[in-house]
Amino acid sequence: MGKRMEEAINRYREIQKKNQLGGGIEHIERQHGRGKLTARERIEILIDAGSFSELGSCVNTTGTRIDGRFTDAPCDGAVLGTAKVHGRTAMIYASDFTVLGGSTGQQHLMKYARSLELSATWGIPLVNLLDSSGGRLGYREVAQAGIDWMFRIQSIYSGVMPQITVLMGPCIAGGAYIPTLCDFLFISRVSGNLWLGGPRQTAAATSEKIDRNVGGADYHMQLSGTCDLVGAGDKETILACRELLRYLPQNYREKPLAWGRTDDAKREVGRLLDIVPGEFEQKYDMHDVIREIVDGGDFFEIKNEYAKQLITGYCRFNGEVVGLVANNPVEDRSIYEVNACDKYYRFLQALDAYNTPLVNLVDTPAAVPGEKEETRGLLRHIGKIVDVYATATIPKIGVVLREAYSDSGSMILSGLKGLGADVTYAWPIARFATEASELNYKEVYGKGIEEDAYEAYLNRSREKVDVFDAAHSWTAQVVDEIIEPKDTRKRIIEALDIVRNKAEKRPPRAKKHGSSPT
């Protein structure tokens, strides 16, 4: 080996050694003192051991601040590369808070934008381990250079490959758009905060005092619905992201990978008769039903603390990944509420984008929304779900357990065939109606009601139709078959096999997309 080669290799090794320390020992200790891990420690938790292959490791922004101080930024505060997660390749981007607070300069933004392009080109998921103080202010480079381009690329490649953000630090102002443009957002309870205008910015602009908990993980899970899963700390949140990747395909051209059959496809679930009461007014937790029928009782729930009357999440039937959406009768609230509609709409979009079958468990409560929900624009939000459900080309399978009322959401839960459900089963106890209300309209409307309206419409609309009467007329297109509760798991698996090669065509049209309600 010649002297020139030896010097070049030594130079490379020095850069790599320096990169391992990021912003230096002092900043690493400060990071640990906040209960947070470093960028490289986070990557090692996410990936299969020893599989990280770094890209752009020699990038470094060296220069002078406006105040005259010299700066050094290994990797420009952004660690980027590919790795194996459960044996499959993924793109990993991790902002390094020990380097200038993980702030985004030109090279930093370029690395993230390029990672999006490469992920889409190579057909692999992108995981963003985010911990950044925002734009790099006070330096000679333009702080916002490239961030608008990054938003555009994120939007263009939405639905092309899974984009996941794991937020483990502050995220404010323009940078806060990045997590919301991803398919899924996980937030660490210890350190994650997401604001458009944080406490300091808001106080400076309006004098309004905002508690730090506003913008935290629980805030965005329970109140805003922006967060999909909350982790106790960095490690727990990253491991949850690692588990989610088991349920997702690599890109929009593939289907989710079946990870092996761990449960008997013919297993009867007779215990459902003990879980689901025969009396309609009695409540139960649908989670118990889900754990009984899915493979191994494993259910990866999304937004578990938001709009809890609707359950959304991933599971497997005979090894096949599905997205499961169900009412939860224990909550005794209609899914026709704005928050529940948003939750369902967002999840169904992800299922359709990544070729994941939908399974609905239907038991709508006799509950209807009130004036508050109507004022919030409920009909627009219902319209969004009707639009995405009707146009989704994935397999759609429904099981009606007890009650299916159209004005409580059964129509968009595969409880009615006409909207596009492929296979709809119903238990022998099931009943159907247009309207869930038990009100006496004569008392509500008094003398203002037309003489014949009560019998001709208002009372008829809430007549409960027995499942056997519904099944008696095939043209009614309500159910395909009545099944025994013990056969629920087996029949879902059979239906998934039947519709596996579904090819639903849309009418040709010149325009690019429909115009769904906002």
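No experiment lies behind these values; they were computed from the predicted model shown. (Residues numbered from 1 in each chain as written. Predicted model: local features only at pLDDT ≥ 70, side-chain atom pairs only at ≥ 80, totals over all residues. Heavy atoms only, no water.)

A.B. asks: Looking at this model, I keep getting lost on the sheet that holds strand β17 (residues 403-405). Mind explaining?
C.D. replies: Within a sheet, adjacent strands bond to each other through the backbone by hydrogen bonds, running parallel or antiparallel. Judged by pairing direction, the sheet is mixed, and its three strands sit side by side in the order β17-β19-β20 without closing on themselves. Only two strands of the sheet have a single neighbouring strand rather than two, namely β17 and β20 (465-466). Pairing analysis gives two bridges linking strand β19 (residues 431-433) to β20, with the strands arranged antiparallel. Bridging from a neighbouring strand, Arg-431 pairs with Asp-466 of β20. (Pairing = 2+ DSSP bridges. Helix = DSSP H or I, 4+ residues; strand = E, 2+ residues; numbered from the N terminus.)

A.B. asks: Could you clarify how one ought to interpret the nonpolar core in this entry?
C.D. replies: As a rule of thumb, soluble globular proteins bury nonpolar side chains together. Within the largest apolar cluster, 78 residues are counted, with the highest numbers of intra-cluster contacts made by Ile-92, Leu-129, Phe-184, Phe-186, Tyr-314, Tyr-344 and Phe-432. In terms of residue count, the dominant contributor to this core is helix α12 (residues 338-353) (nine residues). Residue contacts for Phe-184: discarding those within four places in its chain leaves Gln-163, Ile-164, Thr-165, Asp-228, Leu-244, Leu-248, Ile-302, Tyr-314 and Ala-350. Grouped together as the second largest cluster of nonpolar side chains are 31 residues, Val-359, Leu-361, Ile-493 and Leu-496 included. (Core = buried A, V, L, I, M, F, W, Y, C linked by side-chain atoms within 4.5 Å. Buried < 20%, exposed > 50% of the residue type's maximum accessible area, 1.4 Å probe, protein only. Contact = heavy atoms within 4.5 Å.)

A.B. asks: Hey, could you run me through the packing of α12 against helix α14 (residues 378-391) in this one?
C.D. replies: Each pair of packed helices gets described by two things: the angle between the helix axes and the distance between those axes. It is at 9 Å that the axes of α12 and α14 come closest, and there the two elements cross at 20 degrees. The pairing of α12 with α14 is recorded here as roughly parallel in orientation. The crossing of α12 and α14 is left-handed. Note on element contacts: α14 touches α12 through Leu-378, His-381, Ile-382, Lys-384, Ile-385, Val-388, Tyr-389 and Thr-391, opposite Val-338, Cys-341, Asp-342, Tyr-344, Tyr-345, Leu-348, Gln-349 and Asp-352. (Axes fitted to C-alpha atoms, helices over the stretch in contact; angles between N-to-C directions. Parallel < 35°, antiparallel > 145°, perpendicular 65-115°, else oblique. Left-handed = near helix turned anticlockwise from the far one by under 90°.)

A.B. asks: Where do I start with the sheet that holds strand β13 (residues 310-317) in this structure?
C.D. replies: Taking strand neighbours across the sheet as the criterion, the seven strands line up as β12-β13-β14-β15-β16-β18-β21 in an open arrangement whose pairing is mixed. Every other strand in the sheet has two partners, leaving β12 (300-302) and β21 (481-482) as the edge strands with one partner each. In this sheet, strand β15 (residues 358-362) lies alongside strand β14 (residues 320-327) in parallel orientation, the contact comprising four bridges. Note that in β15 the partner of Ala-326 across the bridge is Leu-361.

A.B. asks: Would you mind going over the environment of Pro-369 with me for this structure?
C.D. replies: Along the chain, Pro-369 turns up in the loop between β15 and α13 (371-375). Measuring from C-alpha to C-alpha, the distance between Pro-369 and Tyr-336 comes to 6.6 Å, with 33 residues separating the pair along the chain.

A.B. asks: Can you walk me through unusual backbone geometry in this structure?
C.D. replies: Residues other than glycine predominantly adopt negative phi, and peptide bonds predominantly adopt the trans conformation. One non-glycine residue with positive phi stands out, namely His-86, at about 55 degrees. Assignment of secondary structure puts His-86 in the loop between β4 (78-85) and β5 (88-95). Here Asn-318, not a glycine, exhibits a phi torsion of approximately 55 degrees, which is positive. On the secondary structure map, Asn-318 appears in the loop between β13 and β14. Owing to a relative accessible area of 19%, Asn-318 belongs among the buried residues under this scheme.

A.B. asks: Is there a simple way to think about empty space enclosed by the protein in this case?
C.D. replies: The gaps left among the atoms become clear once a water-sized probe is rolled over them. In total, this model carries two cavities of 30 Å³ or more according to the counting rule given. The calculated volume of the largest cavity comes to roughly 60 Å³. Considering the residues around the largest cavity, the lining is formed by Asp-183, Phe-184, Asp-228, Ile-302, Lys-303, Thr-312, Lys-343, Arg-346, Phe-347 and Ala-350. Residue composition of the lining of the largest cavity, by class: four nonpolar, one polar and five charged. Roughly 30 Å³ of volume is contained in the second largest cavity. In terms of lining residues, the second largest cavity is bounded by Val-85, Arg-88, Thr-89, Ala-90, Pro-125, Leu-245 and Gln-250. Residue contributions to the lining of the second largest cavity peak at three residues, all from β5. (1 Å grid on protein atoms, 1.4 Å probe; cavity = no way out; pocket = protein on both sides within 12 Å on 5 of 7 lines; lining within 4 Å. Points joined across faces, edges and corners; volume = space filled by probe spheres on them. Nonpolar A, V, L, I, M, F, W, Y, C, P; charged D, E, K, R; others polar.)

A.B. asks: Before we go on, may I ask you to explain the side chain of Thr-356 in this structure?
C.D. replies: Topologically, Thr-356 is positioned in the loop between α12 and β15. Note on Thr-356: relative accessible area 0%, which makes it buried. Within the structure, the side chain of Thr-356 is placed 3.2 Å from the backbone oxygen of Tyr-354, a separation counted as a polar contact. When near neighbours in sequence (up to four residues on either side) are disregarded, Thr-356 contacts Pro-256, Tyr-314, Val-321, Val-322, Gly-323, Leu-351 and Ile-394. (Polar contact = N/O pair within 3.5 Å; in protein donor to acceptor, adjacent residues only side chain to side chain.)

A.B. asks: I keep staring at the packing of aromatic side chains and nothing clicks. Help me out?
C.D. replies: A ring pair, where both rings are aromatic, is described by two values, the distance of the centres and the angle of the planes. Tallying each qualifying case throughout the model produces seven aromatic pairs. Ring geometry for Tyr-93 versus Tyr-112: centroids 4.6 Å apart, planes at 50 degrees, classification tilted. Of this pair, Tyr-93 sits in strand β5 while Tyr-112 sits in helix α4 (residues 106-122), and the two are 19 residues apart along the sequence. Each of the two residues, Tyr-93 as well as Tyr-112, counts as buried. Where Tyr-314 meets Phe-347, the ring centres are 5.3 Å apart and the plane angle is 70 degrees; that geometry is what we call edge-to-face. With Tyr-314 in strand β13 and Phe-347 in helix α12, the pair connects residues that are 33 residues apart, well separated along the chain. (Phe/Tyr/Trp six-rings, centres within 6.5 Å; stacked < 30°, edge-to-face > 60°.)

A.B. asks: Help me out: how do you make sense of the packing of α4 against helix α5 (residues 147-156) in this one?
C.D. replies: Viewed as axis vectors pointing N to C, α4 and α5 meet at an angle of 15 degrees, and their least axial separation amounts to 9 Å. The angle between the axes of α4 and α5 places the two elements in the roughly parallel class. Classified by chirality, the crossing of α5 by α4 is left-handed. Residues Leu-109, Met-110, Tyr-112, Ala-113, Leu-116 and Glu-117 of α4 form the contact with α5, whose own contacting residues are Ile-147, Trp-149, Met-150, Ile-153 and Gln-154. For the contact of α4 with α5, the per-class residue count stands at nine nonpolar, one polar and one charged.

A.B. asks: In this structure, what is going on with the environment of Val-59? I would like to understand it.
C.D. replies: Secondary-structure assignment places Val-59 in the loop between β1 (53-55) and β2 (63-64). What makes Val-59 partly exposed here is its relative accessible area of 23%. When the C-alpha positions of Val-59 and Ile-15 are compared, they lie 9.6 Å apart, and in sequence the two are 44 residues distant.

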